[in-house]
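# Close look at the chain arrangement
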Amino acid sequence: MDPSIDSEPQFDLTEAQRAIRDMANGFATEHIAPHALEWDEKRHFPLDVIRTTAALGMGGIYVREDVGGSGLGRLEAALIFEALATGCPAISAYISIHNMVSWMIDRYGSAAQRQEFLPSLTSMEQLTSYCLTEPGAGSDAAALKTRAVRDGSDYRLSGVKQFISGAGATDLYLVMARTSADGAHGVSCFIIPKSAKGLSFGANERKMGWNAQPTRQVIMDDVRVPEAHRLGAEGEGFRIAMSGLDGGRLNIGACSLGGAQAALDRTIPYLRERTAFGKSLSAFQALQFRLADMATTLEAARIFLWHAAAAMDRRDPRATALCAMAKRMATDTGFDVANQALQLHGGYGYLADYGVEKLVRDLRVHQILEGTNEIMRVIIARSLLAGNA
């Protein structure tokens, strides 16, 4: 991480952080926002646009520089993902998932694995998917049933992963599989290329939102994976998966803030221009108060998310609980602000052309993925009761 960038809690951004945010905002405005409604309608995954972000350092935001990463911190990543999400939350969220997987390989991979995989990931020549959830194991992720059986110097993997972002279009799959019956301690982590024999994909799911990225099952039927492609030691996979999710929760919270900010930004000019009962809607004090509350809660969630990101950068022992708090707060706030923006647009908010209903649809799933907000409360409560928060 660049030592010139301060990762301590702060009330304002440094000049470098502002420049990073402005760069991402500019990219979102020019390359994402103009196409977001069409991508949503056509269920198009814009791989060409996503890969373009690599030239701006977004293929490995907090990956070390020796393998092509940008070496930034979690706060800088939050600024980037919020900015990209003003253009399209679904695209920003996918890029955040790619970054989460890249970081996991950077953090837990051997020297050989880092050199084999990360240069093509940070350049986005190859894209990734994170494969933890199964049809019968969502919030109870340690109950996963995908098996990895030793066969000489290889493993043979069989099982099904559910709700996998980018599946079928991406190149590498980070898969959690059971190597023993020892609960969470019996899970290991594997890197599997799309070309692996026995790897296939389900149909693209029809979803409420996030239509600009595919969501499919990842199906493994006796997929052979060399031991050299196991990430970490046997039995460390669940810990690796959970450490990735701490950062993933910050990222999805940031995506919620960006989508909500876009909805608020659309609402203000609409209230100025729309008239009712002989005056602009912006002249009604009840609607002014509503705008004020939307902006206040959004800013409060943003500051708290920055606080949690800074805590993760400095490896604060409270970071896991703070990330859960920030994810819960930012995703609930983001959806609420977008939903209120739709209401303030009246019937026009319900029309696709105005773009607000898409933001509501996209942001709703953020309260579910990367750990449901109910599970966030479990994590927070356990930390409190253990005296760690």
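Preceding this paragraph is the structure being described.
The present account deals with the structure reproduced in this document. (Residues numbered from 1 in each chain as written. Predicted model: local features only at pLDDT ≥ 70, side-chain atom pairs only at ≥ 80, totals over all residues. Heavy atoms only, no water.)

### A short note on the overall build of the protein
- Check the secondary structure of the protein and you find 11 helices and 10 strands.
- In terms of overall dimensions, the protein is globule-like: its C-alpha atoms have a radius of gyration of 21 Å, near the 21 Å expected for 389 residues.
- Expressed as a percentage of its 389 residues, the buried residues of the protein come to 54%.
- For the protein, the share of sequence-separated contacts (at least 6 apart) that also reach a separation of at least 24 residues comes to 73%.
- In the form shown here, the protein has an accessible surface area of approximately 16200 Å², with 53% of it arising from carbon and sulfur atoms.
- Once the 40 positive and 44 negative side-chain charges of the protein are each reduced to a mean point, those two points are 5 Å apart. (Helix = DSSP H or I, 4+ residues; strand = E, 2+ residues; numbered from the N terminus. Rg over C-alpha atoms; globule rule 2.2 N^0.38 Å. Buried < 20%, exposed > 50% of the residue type's maximum accessible area, 1.4 Å probe, protein only. Contact = heavy atoms within 4.5 Å. Areas by Shrake-Rupley, 256 points an atom, 1.4 Å probe, with all protein chains shown as cover. Lys, Arg positive; Asp, Glu negative; His and termini not counted. Charge placed at Lys NZ, Arg CZ, Asp CG, Glu CD.)

### Focus on the pairing of strand β7 (residues 215-226)
- Across 9 bridges, strand β3 (residues 154-165) lies against β7 in antiparallel orientation. Its bridge partner lying in β7, V160 is registered against I219.
- Across 3 bridges, the pairing between strand β6 (residues 199-201) and β7 is antiparallel. By the bridge assignment, L199 is partnered in β7 with M220. (Pairing = 2+ DSSP bridges.)

### A word on the nonpolar core
- Counting 101 residues, the largest nonpolar core has F81, L84, M104, Y130, M176, L231 and L305 as its most contacted members.
- In terms of residue count, the dominant contributor to this core is helix α7 (residues 237-273) (15 residues).
- Y155, A167, F190 and V225 belong to the second-largest nonpolar core, a separate cluster that totals 17 residues. (Core = buried A, V, L, I, M, F, W, Y, C linked by side-chain atoms within 4.5 Å.)

### Here's the deal with the packing of helix α5 (residues 89-108) against helix α6 (residues 111-122)
- Two elements in contact, α5 and α6, have axes separated by 9 Å at closest approach and are oriented at 160°. Put simply, α5 runs roughly antiparallel to α6. When you trace α5 past α6, the crossing you get is left-handed. Of the residues in α6, those touching α5 at H98, S102, I105 and D106 are Q113, R114, F117, L118 and L121. (Axes fitted to C-alpha atoms, helices over the stretch in contact; angles between N-to-C directions. Parallel < 35°, antiparallel > 145°, perpendicular 65-115°, else oblique. Left-handed = near helix turned anticlockwise from the far one by under 90°.)

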